[in-house]
Amino acid sequence: MSTTTRRLTTAQALVRFLSAQYSERDGVRHRLIAGTWGIFGHGNVAGIGQALLEAGEDTMPFHQGRNEQSMVHAAVGYARQLNRLSAQAVTTSIGPGATNLVTGAALATINRLPVLLLPGDYFATRSADPLLQQLEHPVEADVSVNDTLRPVSRYFDRITRPEMLIPAALNAMRVLADPADTGAVTLALPQDVQAEAYDWPEEFFAERVWHVRRPVADPCELAEAVRAIRAAGRPLIVAGGGVHHSEAEAALKALVDATGIPVASTQAGKGSLRHDHPADLGGIGHTGTAVSDDIARTADLIIGVGTRYTDFTTASNTLFQQPGVRFVNLNITAFDAHKLAARPLVADARTGLEALTEGLSGHRVDAAYEAEYRAGKARWEEVVHAAYRAEDSAVPTQTQVLGALDAVVGDDDVVINAAGSLPGDLHKLWRARGPRQYHLEYGYSCMGYEIPAGIGVQQAAPGTPVWSLVGDGTYLMMPTEIVTAVQEGLPVNLVLIQNHGYASIGGLSEEVGGERFGTAYRYRAADGTFSGAPLPVDLAANAASLGMDVIRAKTVRELRDALAAARASDRPTCVYVETDPTPTAPPAEAWWDVPVAEVASRDAASSARERYDGHVADRRRHL
């Protein structure tokens, strides 16, 4: 082994190391860390900041953010668009800059998406103690605010000596490139250690390629899964985000074409089949379609592919009601494969689906079952048409906004959303034309994700039309990265829907006896409630002040024209529309468990509790 060394600071060594890391899957290589987002303060400006400057853009591209949380969202959007094969790093100062990472880190880890976090930390030497923004814990002197990142990180280390970086950096890359174990990775960097010099072995900077494995199914597990599927009379595939991460869409289609087994999709899995495939039943669960949920209630076998089975998917364990229903779960993680007492099939989604197709050769579901779900799909298409239908001169409802966008987008456009009432409408109604078109962050459902994620997607797929869909509540949470889109010349399209409050939570509040308390953006009335006139907030003017081109649309015709103009533009563009609040979305086809007050003096809550108790009776444990 060579004994040649290179004297660099810890921060300089880290940047050089990251620039030489690659992922590889199916013979295709990507830079594992393709760039670094940063906001500088005293905790990282002389360390990572100086190192990035010295390395230069060719070695490590730098992206300037406006909010630490949103920088993580942008990195997550980037990684998801590239099927987790490439990621970005995020550097912050200490204190609030570091704690602002926590929400983004939770989002990344919950959604199993890779991002490298590099927050500054206190002085390892304690030569300045306490320093600006340092948390002093009375009995644990080694605790800093960065420890808040431990529970939301898949890997965490604090680098208190330069030489500690070598094993920590290698472990960080291992986790980021691991399809079963990825998420947020945190290397906390004390600011004095960042600037400390060390003689680094040249081998540390050698090019490394991290193979992203595709594990195959165990033969015994595969045989059991095949037997279960062959024995089922009414099987249903639930496609989750793992189908996309594995690029298994073609393998799923091959299985479905061969067997006739229908597919319902989670929020993360929507688009696994094109919307016009005869076996694609659309979304499943609380925000699912009528045909998906009807089939799910009577299915005798559920085949989960790359899904975590969240409460929205299972309708809080009330959806799968057939008395003898059983589960087969194909998942790259054993943790998810064993959920719902399933027969596990622990494997990569693509290799697992290919093995199932081979094992099921000659098998096909009964023709009457195919006819049944196809007829249900046709009936649901009429529901979609009705929700989208609108007169040109009308003020659009929210679902009609989606209809206008549906008429404008191309197969490769990406539609991004995360929170509010839009996820439910999109899951039920959106017609996904391609595997990357439907980009819903619904693992954490984080308000403020959409705009920075749009930037990340645009970085990952230059030239792709990107649509960030937000309501006024989400916009007010985090519009700051509009400035970044303008600065970088990224033509992200923002569809900004003004409905004067939290529409989704307002509806939920009414349903559970909360009477829409605290959900409207209005003046206080004489009785002290927020029930006065709408606030005179001009969000379109705000977006324009941040540098976006803004097109205001008042009617359905103006909206279609505005969306077409935005898609054709090469600048960040906001389409602003104030919607008609009249409900035009189809109602929920399945329940969602939000506990209701067991005792209350108000009639609304008492009535809601009666309805709640009726739904709870349908809940079951799958054992």
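Structure's up top.
Residues numbered from 1 in each chain as written. Predicted model: local features only at pLDDT ≥ 70, side-chain atom pairs only at ≥ 80, totals over all residues. Heavy atoms only, no water.

**Considerations on unusual backbone geometry**
Part 1: Cis geometry is adopted by the peptide bond preceding P130, which originates at D129 and carries an omega value of 0 degrees.
Part 2: When you line up the elements, P130 lands in the loop between β7 (115-121) and β8 (155-158).
Part 3: Phi at N83 is positive, roughly 55 degrees, even though this residue is not glycine.
Part 4: Looking at where N83 falls in the secondary structure, it is placed in the loop between α3 (68-81) and β6 (87-92).
Part 5: Classification of N83 by relative accessible area gives buried; the value is 9%.
Part 6: Of note in the backbone geometry, R112 takes a positive phi value of approximately 60 degrees without being a glycine.
Part 7: Summarising the element assignment, R112 is placed in the loop between α5 (101-110) and β7. (Helix = DSSP H or I, 4+ residues; strand = E, 2+ residues; numbered from the N terminus. Buried < 20%, exposed > 50% of the residue type's maximum accessible area, 1.4 Å probe, protein only.)

**Some points on the sheet that holds strand β2 (residues 21-25)**
Part 1: With respect to topology, three strands assemble into an open sheet ordered β3-β2-β11, the strand pairing being mixed. Each edge of the sheet is formed by a strand with only one pairing partner; in this case those strands are β3 (28-31) and β11 (208-211). The sheet shows a mean angle of 30 degrees between the axes of neighbouring strands, direction not considered.
Part 2: Taken together, the four bridges between β2 and β11 define a ladder with parallel strand orientation. If you follow Y22 over to β11, its bridge partner there is V209.
Part 3: Contacts from helix α1 (residues 10-19) reach β2, β3 and β11 within the one sheet, and its direction differs from that of β2 by about 25 degrees. (Pairing = 2+ DSSP bridges. Axes fitted to C-alpha atoms, helices over the stretch in contact; angles between N-to-C directions. Contact = heavy atoms within 4.5 Å.)

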